[in-house]
Amino acid sequence: MPAAPSPPQDPGDTNAATDSPAPSGSRPPSDSPAPSGSDTAAGAPVAAVAVGPRVFIRHYRLEDAAEYTALARESTGLHRPWLFPPRTEADYVAYARRLLEDPTRAGYLVCDRADGRIAAFVNINNIVEGAFLSGALGYGAFAHAAGRGLMTEGLGLVVRHAFGPLGLHRLEANIQPRNAPSVALVRRLGFRLEGFSPDFLFIDGAWRDHERWAITAEMELGTPLPDSGAGQSDPGADEGD
């Protein structure tokens, strides 16, 4: 798969591939924000990690707490019972710090290029290095951005970035079978169904069955048209530690 084109239960973390810590290995150093300078593309600030036609991805910031938690509260009806992102600023700060400081995680916010507003989030959890070079995806769209195809584009940017600068080989998304929009999303992007795990994650008071979807660097990542996924309100995939 080509690298990303050049032109950015924790609350909300309920999707796990492995609980093993990341041993030392050959994965390249973690990515860093783009260097200071002029904008990388119209509508995308220099903090962008990767840029697409309508969205860019960037790292979490502690100062995003007010915006992120307001969006999470507005999106409760979309997210439940699949996702539980932080809805208070204190919870967000603890959540963001883990994503920023833990080398076994990498977190990205998907932002609308039109106005810079946060549209969705995509996290890579349980990153394992060495011979495995794998991570577990968790993601979710916010209500104002759902059904517009922004989640599809943002997740595609993260996958390309993971297989490019991050040097990973495999990404897994664990999805509850009844979460049909999220299954449709990973299918659009070329993930394959690898198996079924009963009683896989403890979410919303019970052990939930999950389908295991995955993509590797050798596979062809789907590149939907800008409107692909429009009209489908994808709440996201479960995450986990």
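Structural data are supplied above this passage.
A brief structural summary.

Topic: the overall build of the protein chain
Right, on to step 1. Counting its secondary structure elements, the protein chain contains five helices and eight strands.
Right, on to step 2. Start at the N end of the protein chain and walk to the C end: the helices and strands fall as β-β-α-α-α-β-β-β-α-β-α-β-β.
Right, on to step 3. Across the 241 residues that make up the protein chain, the buried fraction comes to 54%.
Right, on to step 4. Carbon and sulfur atoms provide 54% of the accessible area of the protein chain, an area that totals close to 9800 Å².

Let's talk about the nonpolar core
Right, on to step 1. Of all hydrophobic cores here, the largest spans 39 residues; its most connected members are I124, L137, Y139, L155, L171 and F191.
Right, on to step 2. Those elements that place two or more of their residues in this core are strand 2 (55-59), strand 3 (106-112), strand 4 (118-128), strand 5 (134-141), helix 4 (150-163), strand 6 (170-175), helix 5 (180-188) and strand 8 (206-216).
Right, on to step 3. Per-element tally for this core: the top contributor is helix 4, with eight residues.
Right, on to step 4. The contacts of L171, once residues within four sequence positions are left out, are I124, G135, L137, V159, A162, F163, F191, W213, A214 and I215.
Right, on to step 5. Grouped together as the second largest cluster of nonpolar side chains are 19 residues, Y68, L71, Y95 and C111 included.

A closer look at helix 1 (residues 65-74)
Right, on to step 1. For helix 1, every residue scored as buried is listed here: A65, Y68, T69, L71 and A72. Seen end-on, helix 1 carries its buried residues on one side only, within an arc spanning 160°.
Right, on to step 2. Buried-residue contacts for helix 1 involve helix 2 (76-79), helix 3 (89-101), strand 3 and strand 4.

What about the sheet that holds strand 2?
Right, on to step 1. Across the sheet, which stays open at both edges, the eight strands sit in the order 1-2-3-4-5-6-8-7 with mixed pairing between neighbours. On the outer flanks of this sheet lie strand 1 (50-51) and strand 7 (192-203), each paired with one strand and no other.
Right, on to step 2. As paired elements, strand 7 and strand 8 share eight bridges and run antiparallel to each other. Residue pairing for strand 8: L193 is matched across the bridge by W213.

Brief notes about the pattern of salt bridges
Right, on to step 1. On inspection of all chains with the given rule, the structure shows nine salt bridges.
Right, on to step 2. Here R105 makes a salt bridge to D102, at a shortest N to O gap of 3.2 Å.
Right, on to step 3. As a salt-bridge pair, R170 and E194 come within 2.4 Å of each other at their nearest N and O atoms. Residue R170 is located in strand 6, and its partner E194 is located in strand 7; the two are separated by 24 residues in the primary sequence.
Right, on to step 4. The exposure class assigned to R170 is buried, which follows from its relative accessible area of 14%.
Right, on to step 5. Taking the relative accessible area as the measure of exposure, E194 reaches 31% and is therefore partly exposed.

Observations regarding the environment of T88
Right, on to step 1. Inspection of the secondary structure assignment puts T88 in the loop between helix 2 and helix 3.
Right, on to step 2. Through-space distance from the C-alpha of T88 to that of A66 is 8.3 Å; in sequence the pair is 22 residues apart.

The rules behind these values
- Residues numbered from 1 in each chain as written.
- Predicted model: local features only at pLDDT ≥ 70, side-chain atom pairs only at ≥ 80, totals over all residues.
- Heavy atoms only, no water.
- Helix = DSSP H or I, 4+ residues; strand = E, 2+ residues; numbered from the N terminus.
- Buried < 20%, exposed > 50% of the residue type's maximum accessible area, 1.4 Å probe, protein only.
- Areas by Shrake-Rupley, 256 points an atom, 1.4 Å probe, with all protein chains shown as cover.
- Core = buried A, V, L, I, M, F, W, Y, C linked by side-chain atoms within 4.5 Å.
- Contact = heavy atoms within 4.5 Å.
- Arc of directions from axis to C-beta.
- Pairing = 2+ DSSP bridges.
- Salt bridge = Lys/Arg side-chain N within 4 Å of Asp/Glu carboxyl O.

No statement about biological role is implied by the geometric values presented.
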